[in-house]
Amino acid sequence: MNIDNTKAQMRKGILELCILLILKKDSKYSFEILKTLKDHHMLIVEGTLYPLLTRLKNSELLEYRWEESKNGPPRKYYNITKKGKEFLSELSISWNELSNSVNELVKKEI
Amino acid sequence: MNKTININLAQINFSLDEKGYLKLKSYLKELDNLFDSTSGKEDIIEDIESRIAELFSQFKKFDDYVISEKEVESVIQTMGSVEDLSDDEILNKNSSSKSSRKFFRDPDDYWIGGIAGGISKYYNLNSAWVRIILLILLIFGVPFTILIYVLFWVFTPEAKTTLDKIKMKGESVNINSIKNKIKEGYEEFSSSVEYDENKIINSISVFFKSIIKAFIKIIPFILKAVAYFVGILLFIISLFGIIGSIFGFLLTAFFTDIPFSLTMFGVGLEGILIFCFCVFTLGIPLFFLFNLSLILISRNPKIMLNTFSTFILLGFWVFSIILLIFMITLGVLDMDLMNYNSVFKLLIK
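Residues numbered from 1 in each chain as written. Chains lettered and ligands numbered in written order. Predicted model: local features only at pLDDT ≥ 70, side-chain atom pairs only at ≥ 80, totals over all residues. Heavy atoms only, no water.

Time to look at the environment of Ser-68 of chain B. Tracing the backbone through its elements, the reader meets Ser-68 of chain B in the loop between strand E3 (66-67) and helix H3 (69-79). A sequence separation of 51 residues divides Ser-68 of chain B from Asp-17 of chain B, and the C-alpha atoms of the two residues are 5.7 Å apart. (Helix = DSSP H or I, 4+ residues; strand = E, 2+ residues; numbered from the N terminus.)

Right under this line is the structure:
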């Protein structure tokens, strides 16, 4: 077992939940999602995000629209779909359960 | 003079210098290969391209600005190298493939520069063994080993990021990334062959800085090694000294023929006391040495005797010496002439 690999895997598994959470209230364009994730140390390299967004879009949890930008190329604004919201609420519940039980275990063992 | 190449990324026009263009082109091609079997590949590439365009726009200070090779490199670094992304892709697909490692200096496991730590991660060994082997090599070929160590230090990057550390301990690899690595290595090699005065001067100064840094870091290491060596020496001396003095006094106690042997004083209380005082006189200083050796070996000053016990032992030592002298003087005065004569004869012989 190697700790950094495990950490990367943990982060990886939670990343999809985080993206959905970021988009829960309003639509954002990919750089805003990127910035939030980076600020919270969830992302190491930017390139990781795009396959994830595409995967979420292909599973119809997200959809996007194009918007012109004053400086730079047109931007993709992502927003969460109805299916995505259902998915998110289910994920949130299981995340809470998971984090509670893991935290309890951590506390007990320490 | 450099050639400029115009490209169109996400419907925006950019001018790149030739080297930068080649870098970007091969990067995008590698990404294309990487996501080949991923659904929605076009979307991913499109997203990445438009993000690159965004990053390029930030560099563009004026309309005719030409984006340099360095700027392309920094953008690729932000996006993540193909290896970085392929790790994620492979993680996503849960495919298990053979792992290969990249050699880094380990900043978490080091004595001097983390080379031994890096080697141990690379070959999956315990770093203590690697250090022992290095020390043995050092004994057999001092200048050679030091030179190789310094070269490794200068040319091996430190594992700074998490991804570096993942790679250091083993990364998933496919044919693509091996191919890329070989290509990268070749490109680095060929570009380093190109004569570039600044580069050479720069690398020389980095080299000497590293050597000086190495020596500064080596000094405490040498001191540690010397302390360890002295510690072991003292350990052996004091241990054998203590055991030797006990056995020595015991043996002389049983051989009556030896001059000034303890039996001169009889086997009674007097004899036993003399025996004990002799052992203390020699044994207490040896015990202090023993303690010192343990401190040196374990490098833990906490195991030092506290002042209280030190003074007790010192007091006991002085007391033993005084009493020993006192008793011997008494004993000699008490000895009858016959006994004295026989001792005298033995001495003359």
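Moving on from the model shown.
Residue and element names in this part refer to chain B. Within this structure, the stated rule accounts for ten aromatic pairs over all chains. Aromatic side chains Phe-277 and Phe-319 sit 6.2 Å apart centroid to centroid with 90 degrees between the ring planes, which places their arrangement in the edge-to-face category. On the criterion of sequence distance, the pair formed by Phe-277 in helix H11 (residues 269-298) and Phe-319 in helix H12 (residues 307-334) is long-range, its members being 42 residues apart. A relative accessible area of 45% places Phe-319 in the partly exposed class. An aromatic cluster of at least three residues, connected via ring pairs, comprises Phe-277, Phe-280, Phe-316 and Phe-319. (Phe/Tyr/Trp six-rings, centres within 6.5 Å; stacked < 30°, edge-to-face > 60°. Buried < 20%, exposed > 50% of the residue type's maximum accessible area, 1.4 Å probe, protein only.)

According to the stated counting rule, one finds one cavity of 30 Å³ or more in the structure shown. In this structure, the largest cavity spans a volume of roughly 100 Å³. Together, 13 residues line the largest cavity, and Tyr-29, Ser-30 and Lys-76 of chain A together with Ser-50 and Glu-54 of chain B are the ones closest to its centre. Of all the secondary structure elements, the ones that give two or more residues to the lining of the largest cavity are helix H2 (30-39) and strand E3 (75-80) of chain A together with helix H2 (41-59) of chain B. Per-element accounting of the lining of the largest cavity gives the leading share, four residues, to H2 of chain B. Grouping the amino acids of the lining of the largest cavity by side-chain chemistry returns six nonpolar, two polar and five charged. (1 Å grid on protein atoms, 1.4 Å probe; cavity = no way out; pocket = protein on both sides within 12 Å on 5 of 7 lines; lining within 4 Å. Points joined across faces, edges and corners; volume = space filled by probe spheres on them. Nonpolar A, V, L, I, M, F, W, Y, C, P; charged D, E, K, R; others polar.)

The strands that make up a sheet are held in pairs by hydrogen bonds between backbone atoms, and each pair lies either parallel or antiparallel. Residues and elements named next belong to chain B. The strand order E1-E2-E3 describes an open sheet built from three strands, whose pairing is mixed. Looking at which strands have only one partner, the edges of the open sheet turn out to be strand E1 (4-9) and E3. The pairing of strand E2 (residues 12-17) with E3 spans two bridges and is classified as parallel. Bridge pairing in E3 links Ser-15 to Val-66. (Pairing = 2+ DSSP bridges.)

All names here are of chain B. Approximately 720 Å³ is the volume attributed to the second largest pocket. As for the second largest pocket, its lining consists of 29 residues, and the residues nearest its centre are Trp-111, Ile-112, Leu-135, Leu-138 and Phe-221. Among the secondary structure elements, those contributing two or more residues to the lining of the second largest pocket are helix H5 (115-122), helix H6 (127-140), helix H7 (142-155) and helix H10 (197-254). Looking at the lining of the second largest pocket, the element that brings in the most residues is H10, giving eight residues.

Residues and elements named next belong to chain A. An order of E1-E3-E2 is seen for the three strands of this open sheet, with the pairing classed as antiparallel. Looking at the sheet topology across the chains shown, the edges are occupied by strand E1 (28-29) and strand E2 (62-67). The pairing of E1 with E3 spans two bridges and is classified as antiparallel. Across the sheet, residue Lys-28 finds its bridge partner in E3, namely Tyr-78.

Our focus in this paragraph is the pattern of salt bridges. Proximity of charged atoms lets side chains of opposite charge pair with each other. Across all of its chains, the model carries 15 salt bridges over all chains by this definition. For Arg-55 of chain A, the salt bridge identified is with Glu-16 of chain A, shortest N-O distance 3.2 Å. Placement of Arg-55 of chain A in helix H3 (residues 49-58) and of Glu-16 of chain A in helix H1 (residues 3-22) is noted, with a sequence separation of 39 residues between them. With a relative accessible area of 22%, Glu-16 of chain A lands in the partly exposed category. Of the charged contacts, one joins Lys-57 of chain A and Asp-43 of chain B as a salt bridge, the two residues approaching to 2.5 Å between their closest N and O atoms. With Lys-57 of chain A in helix H3 and Asp-43 of chain B in helix H2, this pair bridges two chains. Taken individually, Lys-57 of chain A and Asp-43 of chain B each receive the classification buried, so the pair is uniform in this respect. (Salt bridge = Lys/Arg side-chain N within 4 Å of Asp/Glu carboxyl O.)

Residue and element names in this part refer to chain A. Following both chains from N to C, one finds H2 and H3 inclined at 120 degrees, their axes separated by 11 Å at the closest point. As judged from the angle between their axes, H2 and H3 are oblique. Regarding H2 and H3, the two cross each other, and that crossing is right-handed. Residues Ser-30, Ile-33, Leu-34 and Leu-37 of H2 pack against Leu-49, Tyr-50 and Leu-53 of H3. When the residues that make up the contact of H2 with H3 are grouped by side-chain class, the tally is six nonpolar, one polar and no charged. (Axes fitted to C-alpha atoms, helices over the stretch in contact; angles between N-to-C directions. Parallel < 35°, antiparallel > 145°, perpendicular 65-115°, else oblique. Left-handed = near helix turned anticlockwise from the far one by under 90°. Contact = heavy atoms within 4.5 Å.)

With that settled, the discussion passes to a nonpolar patch on the surface. All names here are of chain B. Taken together, the side chains of Ile-222, Val-226, Phe-229, Val-230, Leu-233 and Ile-237 make up a nonpolar region of the molecular surface, amounting to roughly 540 Å² of accessible area. In this fold, Leu-233 is placed in helix H10. Taking the relative accessible area as the measure of exposure, Leu-233 reaches 45% and is therefore partly exposed. (Patch = residues over 30% accessible without salt bridge, like charges linked within 9 Å, V, L, I, M, F, W, Y side chains within 5 Å. Areas by Shrake-Rupley, 256 points an atom, 1.4 Å probe, with all protein chains shown as cover.)

That is the geometry; function is a separate question.
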